[in-house]
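Listed here are the chains, written in short residue letters.
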Amino acid sequence: MGESDIVGLRSIGLTDQQILSTVAITCMFNFMNRLADGLGVEIPAGREAAMAQWLSDEAQKSQDWLLTSEAVPVS
């Protein structure tokens, strides 16, 4: 990710906090995938319902903070 990427994201209205959150989430996802692959983790059969619920509209509404233009305080 370079400066031009950040400029592009700012031009569509994302705040620096939103950009940072997106990068941090992406990095954690990448790390967890590599860790799981390296350890040979396999998803148990029958977990499709849990994944569908996690990706549901209700679950995504709890992530609205990521898409708001207001700054989110860092604790």
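Everything below is about the structure printed above this text.
So, here is what we can say about the structure in this document.

Topic: the overall build of the protein
Alright, step 1. Secondary structure assignment for the protein yields 4 helices and 0 strands.
Alright, step 2. With 75 residues in all, the protein has 8% of them scored as buried.
Alright, step 3. For the protein, the computed accessible surface area is about 6500 Å², with 63% contributed by carbon and sulfur atoms.

Remarks on a nonpolar patch on the surface
Alright, step 1. Among the surface-exposed residues, M28, F31, M32, L35, L39 and V41 lie close enough to one another that they form a single nonpolar patch of about 610 Å² accessible area.
Alright, step 2. Looking at the element boundaries, V41 is found in the loop between α2 (16–39) and α3 (48–54).
Alright, step 3. Under the relative-accessibility criterion, V41 is labelled exposed at 54%.

A closer look at the pattern of salt bridges
Alright, step 1. Counted according to the given criterion, the structure contains 2 salt bridges.
Alright, step 2. For the salt bridge of R10 with E3, the shortest nitrogen-to-oxygen distance reads 3.9 Å.
Alright, step 3. Owing to a relative accessible area of 41%, R10 belongs among the partly exposed residues under this scheme.
Alright, step 4. In this structure, D16 and R10 form a salt bridge, with 2.8 Å as the shortest nitrogen-oxygen distance.
Alright, step 5. A relative accessible area of 47% places D16 in the partly exposed class.

Re α2
An α-helical segment advances 3.6 residues per turn. Residues three or four places apart therefore align on the same side.
Alright, step 1. Counted at 1.5 Å a residue, the expected span for α2 with its 24 residues is 34 Å, and the 34 Å between its end C-alpha atoms agrees.
Alright, step 2. Those residues of α2 not exposed but buried are Q18, I19 and S21.

A closer look at the side chain of Q18
Alright, step 1. Its location among the elements puts Q18 in helix α2.
Alright, step 2. Note on Q18: relative accessible area 5%, which makes it buried.
Alright, step 3. At 2.8 Å, the side chain of Q18 and the backbone nitrogen of T15 are in polar contact.

Procedures and definitions
- Residues numbered from 1 in each chain as written.
- Predicted model: local features only at pLDDT ≥ 70, side-chain atom pairs only at ≥ 80, totals over all residues.
- Heavy atoms only, no water.
- Helix = DSSP H or I, 4+ residues; strand = E, 2+ residues; numbered from the N terminus.
- Buried < 20%, exposed > 50% of the residue type's maximum accessible area, 1.4 Å probe, protein only.
- Areas by Shrake-Rupley, 256 points an atom, 1.4 Å probe, with all protein chains shown as cover.
- Patch = residues over 30% accessible without salt bridge, like charges linked within 9 Å, V, L, I, M, F, W, Y side chains within 5 Å.
- Salt bridge = Lys/Arg side-chain N within 4 Å of Asp/Glu carboxyl O.
- Expected span 1.5 Å × (residues − 1).
- Polar contact = N/O pair within 3.5 Å; in protein donor to acceptor, adjacent residues only side chain to side chain.

Everything listed here is a matter of coordinates, which is why it stays silent on function.
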